[in-house]
Amino acid sequence: MKVLVGGGSGFVGRELTRLLRGKGHEVTVISRQPGPGRITWSQLQSSGLPPCDGAVNLAGEEVLNPLRWWNESYKKDLFSSRLDTTKALAEAIAASSTPPKSWVLVTGVACYKPSLTAKYTEDSEWKPFDLLSRLVQEWEAAALLPETVTTTKQVVIRPGAVLGRDGGAIKQMMLPFKLGVGGTLGSGSQPFPWIHVSDLAGIITHSLESPPDGSAHPQVLNGVAPALNTNYEFTKELGRLLRRPTIFPVPSFVLNGLLGSERAIILTEGQKVVPKRTLETGFQYQYPDLTSALKEIVGC
């Protein structure tokens, strides 16, 4: 199978590429920089979609980039980096004489309103309520193919916090935890939907390899582990495995000041997200619980 991956050089993209190539699939990465096994976004727009059996988009400016101040310029980049690349791929697929069998977009659980009680499955109705949920709405809308494209299965995967050794949420947390100054974020009682990066790559690959379901509508899959954890549980388990104390909570007002309140909500509030349809597809998690995931990451 030939797979085209937008954003394939990022944290999730590297893991996905490794998994796909390990299974014997051929991967071409769409990147800003040319190179072996790559095409650029400008080449995609000028030359059209290269022959492929599946296309995936993972491109987008990192939301929790600690080097970027939360301002209008950064917000614009968050939207344009996702919407422009998604539109470019969707338009290339629609214009192709031989469109791929699968088109997978990876967005996020920010579409679901934070709650301590509500549980969200892929069937849960939602509407935008803040900046990040509006981003998800516009992002997913940008991926929709015209009704004339009937042979391409459309899949949207909404991951929670992606955990892994080489990037994502853990990378920024590890130093303070190792120094013994890690702690809960905000109250700690907020739900913490998460997924190991290997399982997210697995869900994407499973979606690419699965036969079409015959639906003209995108199949939505929640890319989260089946375990429901709070930030407190995550913090205590990471501290236990690292054998470090976790007695220094970070108040919400500090996170709001450092990250901006619209962005800090990712850490200070959360959603109970259930991968109902993901499990129904037959996908088997490597790391279904927090202990197994964190053990792999910290090398226990």
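It should be noted that the structure appears before, not after, this text.
All figures in this text were calculated on a predicted structure; none of them were measured in a lab.

### Structural notes on the overall build of the chain
So, point 1. For the chain, the helix and strand inventory stands at 11 helices and 11 strands.
So, point 2. For the chain, whose C-alpha radius of gyration is 19 Å, the value lies close to the compact-globule estimate of 19 Å for 300 residues.
So, point 3. Along the three orthogonal principal directions, the C-alpha set of the chain runs to about 60 × 40 × 40 Å.
So, point 4. Buried positions account for 51% of the 300 residues belonging to the chain.
So, point 5. Sequence-distant contacts in the chain: of pairs separated by 6 or more residues, those separated by 24 or more amount to 79%.

### Points about the pairing of strand E5 (residues 102-106)
So, point 1. Counting buried positions over the 5 residues of E5 gives 5, a clear majority of the element.
So, point 2. Burial of E5 is two-sided: the residues Ser102, Val104 and Val106 facing one way and the residues Trp103 and Leu105 facing the other way are all buried.
So, point 3. Where E5 lies against strand E7 (residues 153-159), 5 bridges are found, and the strand directions are parallel. In the strand pairing of E7, Ser102 is matched with Lys153.

### Topic: the nonpolar core
So, point 1. Core analysis: the biggest nonpolar cluster contains 30 residues, and Leu4, Ile30, Trp41, Leu44, Leu49, Leu89 and Trp103 have the highest contact counts within it.
So, point 2. Those elements that provide at least two residues to this core are helix H2 (41-47), helix H3 (72-95), E5 and helix H4 (131-142).
So, point 3. When residues no more than four places from it in sequence are discounted, the contact partners of Leu44 are Leu4, Ile30, Ile39, Leu49, Pro50, Ala88, Leu89 and Ala92.
So, point 4. Val5, Val12, Leu16 and Val197 belong to the second-largest nonpolar core, a separate cluster that totals 25 residues.

### Observations concerning the sheet that holds strand E3 (residues 38-40)
So, point 1. Within the open sheet, the 7 strands sit side by side as E3-E2-E1-E4-E5-E7-E10. Their pairing is parallel. Of all the strands in the sheet, just E3 and strand E10 (219-223) have a single pairing partner and so form its edges. Neighbouring strand axes in the sheet, compared pairwise and without regard to direction, differ in orientation by 20° on average.
So, point 2. Here helix H6 (residues 197-209) sits on the sheet and contacts strand E1 (2-6), strand E4 (54-57), E5, E7 and E10; the angle it forms with E7, its principal contact strand, is near 170°.

### Points about the packing of aromatic side chains
Where two aromatic rings form a pair, the distance of their centres and the angle of their planes describe that pair.
So, point 1. Throughout the structure, instances matching the rule amount to 4 aromatic pairs.
So, point 2. Geometrically, the ring pair formed by Phe192 and Phe234 is tilted, given 4.6 Å between the ring centres and 35° between the ring planes. With a gap of 42 residues between them, Phe192 in the loop between helix H5 (168-178) and strand E9 (194-196) and Phe234 in helix H7 (residues 231-242) connect regions that are remote in the sequence. The exposure classification of Phe192 matches that of Phe234, with both residues buried.
So, point 3. A centroid spacing of 5.1 Å and a plane angle of 75° characterise the contact between Phe283 and Tyr285, whose relative ring orientation is edge-to-face.
So, point 4. Accessibility expressed as a relative area gives 9% for Phe283, which makes it buried.
So, point 5. Classification of Tyr285 by relative accessible area gives buried; the value is 13%.
So, point 6. The side chain of Arg82 reaches across the aromatic face of Trp139, ending 5.0 Å from its centre.

What counts, and at which threshold
Residues numbered from 1 in each chain as written. Predicted model: local features only at pLDDT ≥ 70, side-chain atom pairs only at ≥ 80, totals over all residues. Heavy atoms only, no water. Helix = DSSP H or I, 4+ residues; strand = E, 2+ residues; numbered from the N terminus. Rg over C-alpha atoms; globule rule 2.2 N^0.38 Å. Buried < 20%, exposed > 50% of the residue type's maximum accessible area, 1.4 Å probe, protein only. Contact = heavy atoms within 4.5 Å. Pairing = 2+ DSSP bridges. Core = buried A, V, L, I, M, F, W, Y, C linked by side-chain atoms within 4.5 Å. Axes fitted to C-alpha atoms, helices over the stretch in contact; angles between N-to-C directions. Phe/Tyr/Trp six-rings, centres within 6.5 Å; stacked < 30°, edge-to-face > 60°. Lys NZ or Arg CZ within 6 Å of the ring centre and 35° of its normal.

Function cannot be inferred from these measures alone, as they are strictly geometric.
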